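What follows is each chain in one-letter form.
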Amino acid sequence: MTHTRNTPDQASLRRGWTTGSCATAAARAAWVAMRYGDFPDPVTITLPAGQEVAFSLAAHGHDGAGGAWACVIKDAGDDPDVTHGALIRVDLHPGMAGAGITFHAGRGVGTVTLPGLPVAVGEPAINPVPRRMIRAALATGDDHDPDVRVTVSVADGETLARRTLNARLGIIGGLSILGTTGIVVPFSCAAWIDSIHRGVDVARAMGLAHVVGSTGDVSERAARALYALPEEAMVEMGDFAGGLLKYLRRHPVRRVTVAGGVAKISKLAQGFLDLHSRRGQADMAELARDAARAGAGADLVAQIASTHTVAAAFALATAAGIDLGAVITCRAWGVGRTVLAGSGCALDILMFDRAGALVARHGPQDVD
């Protein structure tokens, strides 16, 4: 899932439904049709917290071989989810006797190829909670699951998946069917933070000892080149430095690098763990005090305090020969170490300019 980064007031926004909820609704409609002949429209399902919600069907039919299929269009509410408006289809077919419910990836749904995710390698990327929801929707009231093959497809899912982190996580061929509550909360960023956590899980499962959390593409490419790391070691944390560091405190690796531009690293140095502008702007007075710590004179300190952007402050410091980046990366390292306390993770901070040139770094360059 991807998000734009201008975040309005959440209270005024309409909630939506996860791909897992939509797949469950389509599966339920097809299941009723297999058993009784007619498709319920709308179809009602139960979310993990117990709420009953209804979905309209976009299309449905019987396959002539004892199976049925149904489609639901995903409504993500006011969340800028890449799967908003996607057509999610579930095909049900009678399975082998005693096989129970089996899950399969149709066109546009990915397959897991790397360890560390909540679904095993070789399985369709249908997460555990959606699987439980679908199982519940296909319940017969007996003590055992019916013998049914469940195939989930997403129209244009392969194309949509290119706008997600699925390929990096080893999910190949399409999207994941996701959701833990069944509900999409607009701009909650839960999916992004979850992808950060899954990125760490994959790296750990592959035995990688060093991961890099980057704030964007430029810093990621520069850090990866600097350390010659595999792609699976790179975690696109975006603005969520806290989301990465707090997870690593509980699930440590030997070494973590945080890489970002001058503005993001400056905010981290000032104690921000969410580096987006909605959480506040960098304190220019504090940046000026950092310049003084780096040796700037009174006139330069006053100039920096009156600037409106971190980039402008750095330009003034650089022109005067003041290594402001050294002070900022040191302070950012201190913030990160506090979050990682007790984890055993070694930490280093990398600061890059917009062209990907290294401005400053702090922390061990070599870890045994």
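Computed from a prediction, not measured in an experiment: that's the story for all the values here.

**Comments concerning the side chain of threonine 24**
Okay, so step 1: With respect to the helices, strands and loops of the structure, threonine 24 is situated in helix α1 (residues 19-36).
Okay, so step 2: In contact with threonine 24, other than residues within four places in its own chain, are Ile45, Pro130, Met133, Ile134 and Ala137.

**Here we look at the packing of aromatic side chains**
Okay, so step 1: All chains considered together, the criterion is met by 2 aromatic pairs.
Okay, so step 2: Ring geometry for tryptophan 192 and phenylalanine 240: centres 5.9 Å apart, planes at 70 degrees, overall edge-to-face. Of this pair, tryptophan 192 sits in helix α4 (residues 190-205) while phenylalanine 240 sits in the loop between β15 (234-236) and α6 (241-250), and the two are 48 residues apart along the sequence. For the residue pair tryptophan 192 and phenylalanine 240, the accessibility class agrees, reading buried in each case.
Okay, so step 3: In this arrangement the basic side chain of arginine 89 is found over the ring face of tryptophan 69, its NZ or CZ atom lying 4.0 Å from the centre.
Okay, so step 4: In this structure, lysine 267 is placed above the aromatic ring of phenylalanine 272, and the distance from its NZ or CZ to the ring centre is 4.5 Å.

**So, the layout of surface pockets**
The rolling of a water-molecule-sized probe over the atoms marks out the regions of remaining empty space.
Okay, so step 1: Counted as a void, the largest pocket has a volume near 820 Å³.
Okay, so step 2: Taken together, 40 residues form the lining of the largest pocket, with Asn127, Leu178, Gly179, Ala191 and Asp194 sitting closest to its centre.
Okay, so step 3: Secondary structure elements with two or more residues in the lining of the largest pocket: α2 (128-137), β13 (183-184) and α4.
Okay, so step 4: Ranked by residue count, the leading element in the lining of the largest pocket is α4, at 5 residues.
Okay, so step 5: As a volume, the second largest pocket reaches approximately 590 Å³.
Okay, so step 6: Contributing to the lining of the second largest pocket are 27 residues, with Gly261, Val262, Ala263, Lys264 and Arg354 lying nearest its centre.
Okay, so step 7: Looking at the lining of the second largest pocket, the elements with two or more residues in it are α5 (217-227), β16 (255-261), α7 (262-269) and α10 (310-319).
Okay, so step 8: For the lining of the second largest pocket, the element with the most residues is α10, which contributes 5 residues.

**Quick notes on helix α8 (residues 284-293)**
Okay, so step 1: Residues of α8 that are buried: Met284, Glu286, Leu287, Ala288, Asp290 and Ala291.
Okay, so step 2: Looking one or two places after α8, you find glycine 295, whose phi comes out positive at around 110 degrees.

**A look at the pattern of salt bridges**
As a working rule, side chains carrying opposite charge can pair if their charged atoms are close by.
Okay, so step 1: Counted under the stated rule, the structure contains 17 salt bridges.
Okay, so step 2: The salt bridge involving arginine 89 is made with aspartate 91; its shortest N-O contact spans 2.8 Å.
Okay, so step 3: A relative accessible area of 29% means that arginine 89 is categorised as partly exposed.
Okay, so step 4: One network of salt bridges, in which partners are shared, links Glu286, Arg289, Asp290, Arg293 and Arg331.

**Some words on the sheet that holds β16**
Okay, so step 1: In space, the 5 strands of this open sheet follow the order β15-β14-β16-β17-β18, with mixed pairing throughout. Both edges of this open sheet fall to β15 and β18 (358-362), since each of them pairs with a single strand only. Between one strand axis and the next, the sheet turns by 20 degrees as a mean value, whatever way the strands run.
Okay, so step 2: Lying on the sheet, α6 is in contact with β14 (210-214), β15 and β16; it crosses β16 at an angle near 175 degrees.

**A few points about the packing of helix α9 (residues 298-306) against α10**
Okay, so step 1: In contact at an axis separation of 8 Å, α9 and α10 are set at 160 degrees when each is read in the N-to-C sense. In terms of their interaxial angle, α9 and α10 are classed as roughly antiparallel. Crossing geometry of α9 relative to α10 is assigned as right-handed. In this structure, α9 contributes Leu300, Gln303 and Ile304 to the contact, and α10 contributes Ala313, Leu316 and Ala317.

**Overview of the nonpolar core**
Okay, so step 1: Formed by 47 residues in total, the largest nonpolar core has its most connected members in Leu244, Leu248, Val256, Val258, Leu268 and Ile328.
Okay, so step 2: Once residues within four sequence positions are removed from consideration, valine 258 is found in contact with Gly213, Met237, Leu245, Ile265, Leu268, Leu347, Asp348, Ile349 and Leu350.
Okay, so step 3: Listed in part, the 40 residues of the second largest apolar core include Ile126, Leu138, Ala161 and Ile177.

Analysis parameters
Residues numbered from 1 in each chain as written. Predicted model: local features only at pLDDT ≥ 70, side-chain atom pairs only at ≥ 80, totals over all residues. Heavy atoms only, no water. Helix = DSSP H or I, 4+ residues; strand = E, 2+ residues; numbered from the N terminus. Contact = heavy atoms within 4.5 Å. Phe/Tyr/Trp six-rings, centres within 6.5 Å; stacked < 30°, edge-to-face > 60°. Buried < 20%, exposed > 50% of the residue type's maximum accessible area, 1.4 Å probe, protein only. Lys NZ or Arg CZ within 6 Å of the ring centre and 35° of its normal. 1 Å grid on protein atoms, 1.4 Å probe; cavity = no way out; pocket = protein on both sides within 12 Å on 5 of 7 lines; lining within 4 Å. Points joined across faces, edges and corners; volume = space filled by probe spheres on them. Salt bridge = Lys/Arg side-chain N within 4 Å of Asp/Glu carboxyl O. Pairing = 2+ DSSP bridges. Axes fitted to C-alpha atoms, helices over the stretch in contact; angles between N-to-C directions. Parallel < 35°, antiparallel > 145°, perpendicular 65-115°, else oblique. Left-handed = near helix turned anticlockwise from the far one by under 90°. Core = buried A, V, L, I, M, F, W, Y, C linked by side-chain atoms within 4.5 Å.

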